[in-house]
Amino acid sequence: MCAAWRVRVNAAKRTVLSTISKSSQLRHAYADGRFGLSYEFFPPKTAEGEADLFEHFQELVKYNPSFATCTYGAGGSTCEKTLAIASRLKRDYDVRVAAHLTCVGATRADIEAFLEQAREEDVDYIMALRGDPPKGEKKFVPVAGGFGYANELVAFIRESYPGFGIAVAGYPETHPEAPNRTSDLENLRRKVDAGADVVVSQLFYDNEDFYRFRDRCEAIGIEVPIIPGILPVTAVSQLKRVVALCGAHVPEALMERLEVHPDKSQGQFDVGVYHATRQVEDLVSRGGCPGVHFYCLNKSRAVATILRTLTLPNIETFRHA
Ligand SMILES: Cc1cc2nc3c(=O)[nH]c(=O)nc-3n(C[C@H](O)[C@H](O)[C@H](O)COP(=O)(O)OP(=O)(O)OC[C@H]3O[C@@H](n4cnc5c(N)ncnc54)[C@H](O)[C@@H]3O)c2cc1C
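What you are looking at is a predicted structure, and each value in this text was computed from that prediction instead of being measured.

## Topic: the overall build of the protein
Stage number 1. From N to C terminus, the protein includes 12 helices and eight strands.
Stage number 2. Whereas a compact globule of 321 residues would reach a radius of gyration of roughly 20 Å, the protein reaches 19 Å, a difference of no more than 12%.
Stage number 3. Referenced to the eigenvectors of the C-alpha coordinate spread, the extents of the protein come out at roughly 60 × 50 × 45 Å.
Stage number 4. Out of the 321 residues in the protein, the part that is buried amounts to 42%.

In structure tokens:
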């Protein structure tokens, strides 16, 4: 398509998209053969870290993400930074953004204040989460007047802030606190019934875990898109830290191939990125996934290598009008 045409078509698309709700926009990113690409970042602790994040995003924005997300720190410690980063990504890079939000340590009034601010900053979507119990505590206990589970948060956002698109977390290998797989799935359905537009999965290293999860979701009538979450391994020490937190299973063969090389070496990077590339290729071609969510850890090299290697179908930019 010639450049002038592309400009006209994009302008027309933006006009159409600006007239539909954010909720529809989020679903739209994965609908009708489109491929929704999203990147997740976390709020850095220092000004250098922040500058670094935007430099890395500059590399990744070239691949036309549907949206970028910024996480919410444990105990709500980063809520202002979460919004500041999301809002700057939108302003400076003209990309749609999601702010993560958890119920940890938050009253309903705290959550309202966050959502008001998010609306003011023109955040498009909310990744609505319960969050983990604070460090040293085994069980999540809601504060008085707060929410006990993510489905309650989703219902609250849908009712009081209908302008946002809503994403929720799903667990291919079952959430570590869930008593069993069935009750975890029933919970996921509660989140979708409460109004979630899309499920983004916890990271996993064996696609079969994801496919079985997706089949179970379909079997209980979950119909929104279920998007695989991919964290390319770049070092064994990093992998061990992440797996200790979320309990994902690492295939033995992958660990063996990684451990041939010293920690944090180019060899480990290559093995990890090769594995993630094959995962994404399979999820798209065999699994027919309508999108992928990359846990970027504020770096671009691994994800950009994957995106350069693969030709993903029909990626469309949903930049705001
Ligand atoms: C894509 C993604 C993004 C994330 N981003 C962040 C982030 O930004 N900040 C952060 O701190 N953490 C984040 N997390 C981690 C997440 O907060 C933890 O996994 C947390 O332990 C669960 O959150 P949830 O929203 O899935 O909880 P929920 O859906 O509420 O589930 C929590 C547990 O309770 C069970 N449960 C739910 N509802 C009920 C019910 N009604 N009755 C009985 N049991 C129930 C579930 O089966 C599950 O075991 C993210 C995870 C993912 C996958």
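We are not done yet, so read on.
## Brief notes about unusual backbone geometry
Stage number 1. Phi at aspartate 32 is positive, roughly 50°, even though this residue is not glycine.
Stage number 2. Assignment of secondary structure puts aspartate 32 in the loop between α2 (22-28) and β1 (36-41).
Stage number 3. We classify aspartate 32 as exposed; it has 8 C-beta atoms within 10 Å.
Stage number 4. Of note, asparagine 64 is a non-glycine position whose phi angle comes to about 60°, a positive value.

## Re the site of the ligand
Stage number 1. Surveying the vicinity of the ligand reveals 24 residues, the closest of which are Thr71, His100, Arg130, Ala150 and Ala169.
Stage number 2. When residues of the shell around the ligand are traced back to their parent elements, those giving at least two are α6 (150-160), α7 (181-193) and β6 (198-203).
Stage number 3. The biggest single contributor to the shell around the ligand is α7, with four residues.

## Points about the sheet that holds strand β5 (residues 165-170)
Whenever strands of a sheet pair, they do so through backbone hydrogen bonds, lying parallel or antiparallel.
Stage number 1. In spatial order, the strands read β1-β2-β3-β4-β5-β6-β7-β8; together these eight strands close into a barrel with parallel pairing. Across this sheet, the average inter-strand angle for adjacent strands is 25°, counted without regard to direction.
Stage number 2. Bridge analysis of β6 against strand β7 (residues 226-230) gives three bridges, and the strand direction is parallel. Looking at the pairing, valine 200 lines up with isoleucine 227 of β7.

## Observations concerning the pairing of strand β4 (residues 125-128)
Stage number 1. Covered by surrounding structure in β4 are Tyr125 and Met127 together with Ile126 and Ala128, the residues of both alternating faces.
Stage number 2. With four bridges connecting them, strand β3 (residues 96-101) and β4 associate as parallel partners. Within the sheet, the bridge partner assigned to leucine 101 lies in β4 and is alanine 128.
Stage number 3. By the bridge criterion, three bridges tie β4 to β5 in an arrangement that is parallel. Opposite isoleucine 126, over in β5, you have isoleucine 166 as the bridge partner.

## Regarding the confidence of the model for the protein
Stage number 1. Scored by pLDDT, the protein has a mean of 91; 91% of the residues are at 70 or more.
Stage number 2. Residue range residues 1-17 is modelled with pLDDT below 50. Its contacts to residues more than four positions away, or to other chains, number seven contacts.
Stage number 3. Here residues 317-321 is a poorly scored stretch, pLDDT under 50, and it has 16 contacts once near neighbours within four places are set aside; other chains count.

## Side note on the packing of helix α11 (residues 266-285) against helix α12 (residues 301-309)
Stage number 1. Contact pair α11 / α12: the axes reach a minimum separation of 10 Å and the direction vectors enclose 50°. What the angle tells us is that α11 and α12 run oblique. The handedness of the crossing between α11 and α12 is right-handed. Residues Phe269, Val273, Ala276, Thr277 and Val280 of α11 form the contact with α12, whose participating residues are Ala302, Thr305, Ile306 and Thr309.

## Here's the deal with the pairing of strand β2 (residues 67-70)
Stage number 1. Side chains of β2 alternate between two faces, with Phe67 and Thr69 and Ala68 and Cys70 buried alike.
Stage number 2. Inspection of the sheet shows β1 paired to β2 by four bridges, in the parallel sense. Within β2, the position partnered with glutamate 40 by the bridge is threonine 69.
Stage number 3. Across four bridges, the pairing between β2 and β3 is parallel. Residue pairing for β3: alanine 68 is matched across the bridge by valine 97.

## Quick word on the nonpolar core
Stage number 1. Counting residues in hydrophobic clusters, the biggest one holds 80 residues, and the most contacted among them are Ala99, Ile126, Ala128, Ile166 and Ala196.
Stage number 2. Sequence-distant contacts of isoleucine 166, defined by excluding residues within four places in its chain, comprise Tyr125, Ile126, Ala128, Val154, Ile157, Arg158, Gly195, Ala196 and Asp197.
Stage number 3. With five residues, the next largest nonpolar core counts Val236, Leu239, Leu258 and Val271 among its residues.

## Regarding helix α3 (residues 47-60)
Stage number 1. Across its 14 residues, α3 extends 20 Å between first and last C-alpha, which sits within 8% of the 20 Å expected from 1.5 Å per residue.
Stage number 2. Here α3 has its buried residues at Leu53, His56, Phe57 and Leu60. Burial along α3 is one-sided: seen end-on, the buried residues are contained in an arc of 105°. Along α3, the residues that are exposed and aim more than 90 degrees away from the buried face are Ala47, Glu48, Ala51, Glu55 and Gln58.
Stage number 3. On its buried side, α3 packs onto β1, α4 (79-93) and α12.

About the criteria used
Residues numbered from 1 in each chain as written. Predicted model: local features only at pLDDT ≥ 70, side-chain atom pairs only at ≥ 80, totals over all residues. Helix = DSSP H or I, 4+ residues; strand = E, 2+ residues; numbered from the N terminus. Rg over C-alpha atoms; globule rule 2.2 N^0.38 Å. Buried ≥ 20, exposed ≤ 12 C-beta atoms within 10 Å, placed from the backbone. Near = placed C-beta within 6 Å. Pairing = 2+ DSSP bridges. Axes fitted to C-alpha atoms, helices over the stretch in contact; angles between N-to-C directions. pLDDT = per-residue confidence, 0-100. Contact = placed C-beta atoms within 7 Å. Parallel < 35°, antiparallel > 145°, perpendicular 65-115°, else oblique. Left-handed = near helix turned anticlockwise from the far one by under 90°. Core = buried A, V, L, I, M, F, W, Y, C linked by C-beta atoms within 7 Å. Expected span 1.5 Å × (residues − 1). Arc of directions from axis to C-beta.

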